[in-house]
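Chain residues, written in single-letter form:
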Amino acid sequence: MDGLTELNVLGLALTAVLLAMACVKADRVRAWRSSINPSAPDLPDSAFVVARVVFVTLAGLGVYTAVQGFGVSDDMAWDDTELAGAVRQAADDLNGFTYQTDDSGSPLYFDDYASLIEDNVIRYGGGDAPQYGVAAVPADANTEDDAYFTVTAKGADGAFCAHVERGRSKEDDYTPPGIGGREGTLTYRGYRIAMESRKGEC
C-alpha cells in the first residue's frame, strides 16, 4: 500500500469517528460533563444539533476527499490487469517490428530492446495507467539475436516474460542517396524481430 492510499484509509477512519461522535446521545454527553465538572452549565439541545450538523458535514467532506484520493492513487500506480493488457498489446505490436542498425550494430531509432519494450508497454497502458513505472529487466544470457526480459510495473504484483528473437531482413536494408543524387555507398542493415510474452518472470 502506497503512502497516498494509507492517507486515504486514515481519512476514512477519521470520518467514521466523526459519524460515531455525531451519534452520541445528548444525555450521555451531559452525564460525562457532569462527572468531570459538576458545576459546569448545562448544554442546550441546540448545541447538540449544531455539533451533529458539523460532524456529519465534516464526515461527508472526508468521504469525498478519500474517494478523490483513491482515484488519484489509482492513476499513480499500475494494477495487474492494466499490465497484462499492456504487455500483450506491446508484444503484438512489436512482433514483426523492423529496424536498421548503424555501422556499430546499434539500432537507429531506439536505445535497446529494454527501452523499446518499456515504451510500448506504457503506450498501451490505457487511460488509468501512469505514463511511467515500467521496467524491462534483461536476462544475463541475452544476445542481440535472442533475449528475455522480465517486465514489471510499479503497483502491480504480477510480472511477465517477454521473449525477443531477431532475424536478418535484407529487404529492410536502407541505403541513403549519395551526393548529387548518385547511389549511396552506406547501407544500414535491416532486422526484423519476433516477440511473444507469457505470465511470470523469465
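Heads up: these notes are all about the structure in this document. This structure is a prediction, so every number in the text was calculated from the model and none was measured.

Focus: the pattern of salt bridges
Tallied over the entire structure, the rule returns 5 salt bridges. Among the salt bridges present, the one from Asp145 reaches Arg166, with a minimum N-O distance of 2.9 Å. Here Arg166 lies in strand 4 (residues 160-168) and Asp145 lies in the loop between strand 2 (134-138) and strand 3 (146-153), a separation of 21 residues in the sequence. With a relative accessible area of 40%, Asp145 lands in the partly exposed category.

With respect to the layout of surface pockets
The space that makes up the largest pocket amounts to roughly 150 Å³. Lining the largest pocket, in full, are Pro107, Phe110, Asp111, Asp112, Tyr113, Ala114, Pro138, Asn142, Thr143, Glu144, Ala147 and Phe149. Elements represented by at least two residues in the lining of the largest pocket include exactly helix 5 (113-123) and strand 3. Per-class residue counts for the lining of the largest pocket are 7 nonpolar, 2 polar and 3 charged.

Overview of the packing of helix 4 (residues 80-94) against helix 5
Describing two packed helices takes the angle between their axes plus the distance from one axis to the other. Where helix 4 contacts helix 5, the two axes come as close as 8 Å, and the packing angle between them is 120 degrees. Taken together, the axes of helix 4 and helix 5 lie oblique to each other. Seen along the crossing, helix 4 lies across helix 5 with a hand that is right-handed. Listed contacts from helix 5 to Leu83, Ala86, Val87, Ala90, Asp93 and Leu94 of helix 4 are Leu116, Ile117, Asn120, Val121 and Arg123. Tallied by class, the residues present in the contact of helix 4 with helix 5 amount to 8 nonpolar, 1 polar and 2 charged.

Rules behind the numbers
- Residues numbered from 1 in each chain as written.
- Predicted model: local features only at pLDDT ≥ 70, side-chain atom pairs only at ≥ 80, totals over all residues.
- Heavy atoms only, no water.
- Salt bridge = Lys/Arg side-chain N within 4 Å of Asp/Glu carboxyl O.
- Helix = DSSP H or I, 4+ residues; strand = E, 2+ residues; numbered from the N terminus.
- Buried < 20%, exposed > 50% of the residue type's maximum accessible area, 1.4 Å probe, protein only.
- 1 Å grid on protein atoms, 1.4 Å probe; cavity = no way out; pocket = protein on both sides within 12 Å on 5 of 7 lines; lining within 4 Å.
- Points joined across faces, edges and corners; volume = space filled by probe spheres on them.
- Nonpolar A, V, L, I, M, F, W, Y, C, P; charged D, E, K, R; others polar.
- Axes fitted to C-alpha atoms, helices over the stretch in contact; angles between N-to-C directions.
- Parallel < 35°, antiparallel > 145°, perpendicular 65-115°, else oblique.
- Left-handed = near helix turned anticlockwise from the far one by under 90°.
- Contact = heavy atoms within 4.5 Å.

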